[in-house]
Amino acid sequence: MKTRMPALFTACTLALLLAACGGGAPEEEIAGEAAEATEDGGDGILDLVTKLGESFRDVDNYTLDMEMVAFAESGETEMTMTYEVMDDPQAAHVTAVMPFMGETILELTELSGETTDLTAEELGTSILIVPAEGETLMSNHNGFQEADTPWVRGVQDTEMLASNDVFDTGHFPRIAEAVAGIAQIEETGTEEVSGVGTTLVEGTLTEEDVEALEPEQKDAVDELMGGIEGTVEVSAWIADNGFPMRMEFSDDAADVSMVFSDLGETSFEIPGEDEITDL
């Protein structure tokens, strides 16, 4: 089995390693403008599916929970991410939990003869606040930074992270459009997701389908799955207005689940200056 790793694993692993060494945090972006919807129209399920990309156009406040599992001969590697995106003020609160990285850091700590009261999950958790304007804030909950405040700003070496190595939340509408473009897709049921009634549709993306996508859509799918070899099984839970409340992608190398909630109701506190240390 070939090992492929969704870009989120690579980017967030590097971000956490840099943070542990006093390095940098990734430059994230708030969800940008959605790409225009596909032009193919129709009735019923086809009409619903073609609204997928367009449905993101006016959504600038939401919570997204992502779960990723990468498969390899050595076993499974799991990671979860939560994006809390609010519109007033415009900012994103991003939490990445990588137990495999926490276990590695814990082992290295023990080998060095040092001790820590933090668990592997705490050590493997990275928390960022990314404002639309201004510098990214990094949580100091794990004590990686030499600061007495819970947040730090101005972490160095961000140039070590190429912008295309970090998953751009602007990819979400592009991924939805890729799903909308699946030739063979069918309705398989209904289900409530995050308190919203949805229609479940399922289909398959092939390598040929991905190659035929618009460049931005192809990049988004490749980044989500770490590239595609063979076929990807796709499921989408679509609300009546065409918004994908949940999407799942699965192939031999990775499983990815995306669940939206709190549309228009997401909010979090921006730390005050007395809670931030400038490095």
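Residues numbered from 1 in each chain as written. Predicted model: local features only at pLDDT ≥ 70, side-chain atom pairs only at ≥ 80, totals over all residues. Heavy atoms only, no water.

(A) Structural context of the sheet that holds strand 5 (residues 137-139). Pairing is mixed in the open sheet, where 12 strands are placed in the order 7-8-9-10-11-1-2-3-4-5-6-12. In this open sheet, the two edge strands, each paired with only one partner strand, are strand 7 (185-193) and strand 12 (276-278). When strand polarity is set aside, the average angle formed by the axes of neighbouring strands in this sheet is 20 degrees. When strand 7 meets strand 8 (residues 196-206), the two strands line up antiparallel, connected through 8 bridges. Note that in strand 8 the partner of glutamate 191 across the bridge is threonine 198. Here helix 5 (residues 171-180) sits on the sheet and contacts strand 1 (62-72), strand 2 (75-87), strand 7, strand 8, strand 9 (231-239), strand 10 (244-250) and strand 11 (254-261); the angle it forms with strand 10, its principal contact strand, is near 70 degrees. (Pairing = 2+ DSSP bridges. Helix = DSSP H or I, 4+ residues; strand = E, 2+ residues; numbered from the N terminus. Axes fitted to C-alpha atoms, helices over the stretch in contact; angles between N-to-C directions. Contact = heavy atoms within 4.5 Å.)

(B) Expanded view of the pattern of salt bridges. Enumeration over the complete set of coordinates arrives at 4 salt bridges. For glutamate 273, the salt bridge goes to arginine 153, with nearest N and O atoms at 2.8 Å. Taken together, the residues span a long stretch of sequence, with glutamate 273 in the loop between strand 11 and strand 12 and arginine 153 in strand 6 (residues 151-153) at a distance of 120 residues. Given a relative accessible area of 53%, glutamate 273 falls into the exposed group. In this structure, the salt-bridge partner of arginine 246 is glutamate 248, at a minimum N-O distance of 2.5 Å. Residue arginine 246 is classed as partly exposed on the basis of its relative accessible area of 25%. Residue class for glutamate 248 comes out partly exposed when judged on its relative accessible area of 25%. Through salt bridges with shared partners, one network takes in Arg153, Glu273 and Asp278. (Salt bridge = Lys/Arg side-chain N within 4 Å of Asp/Glu carboxyl O. Buried < 20%, exposed > 50% of the residue type's maximum accessible area, 1.4 Å probe, protein only.)

(C) Quick look at the packing of aromatic side chains. This structure, assessed with the given rule, holds 2 aromatic pairs. Here the aromatic rings of tyrosine 62 and phenylalanine 260 are separated by 5.5 Å at their centres, their planes lie at 65 degrees, and the arrangement is edge-to-face. In this pair, tyrosine 62 sits in strand 1 while phenylalanine 260 sits in strand 11, placing the two residues 198 residues apart along the sequence. Its relative accessible area of 1% is what places tyrosine 62 among the buried residues. With centroids separated by 5.1 Å and ring planes inclined at 80 degrees, the aromatic side chains of phenylalanine 243 and phenylalanine 260 adopt a geometry described as edge-to-face. In this pair, phenylalanine 243 sits in the loop between strand 9 and strand 10 while phenylalanine 260 sits in strand 11, placing the two residues 17 residues apart along the sequence. These aromatic residues form a ring-pair network of at least three members: Tyr62, Phe243 and Phe260. Its guanidinium or amino end placed over the ring of tryptophan 237, arginine 246 lies 5.1 Å from that ring's centre, counting from NZ or CZ. (Phe/Tyr/Trp six-rings, centres within 6.5 Å; stacked < 30°, edge-to-face > 60°. Lys NZ or Arg CZ within 6 Å of the ring centre and 35° of its normal.)

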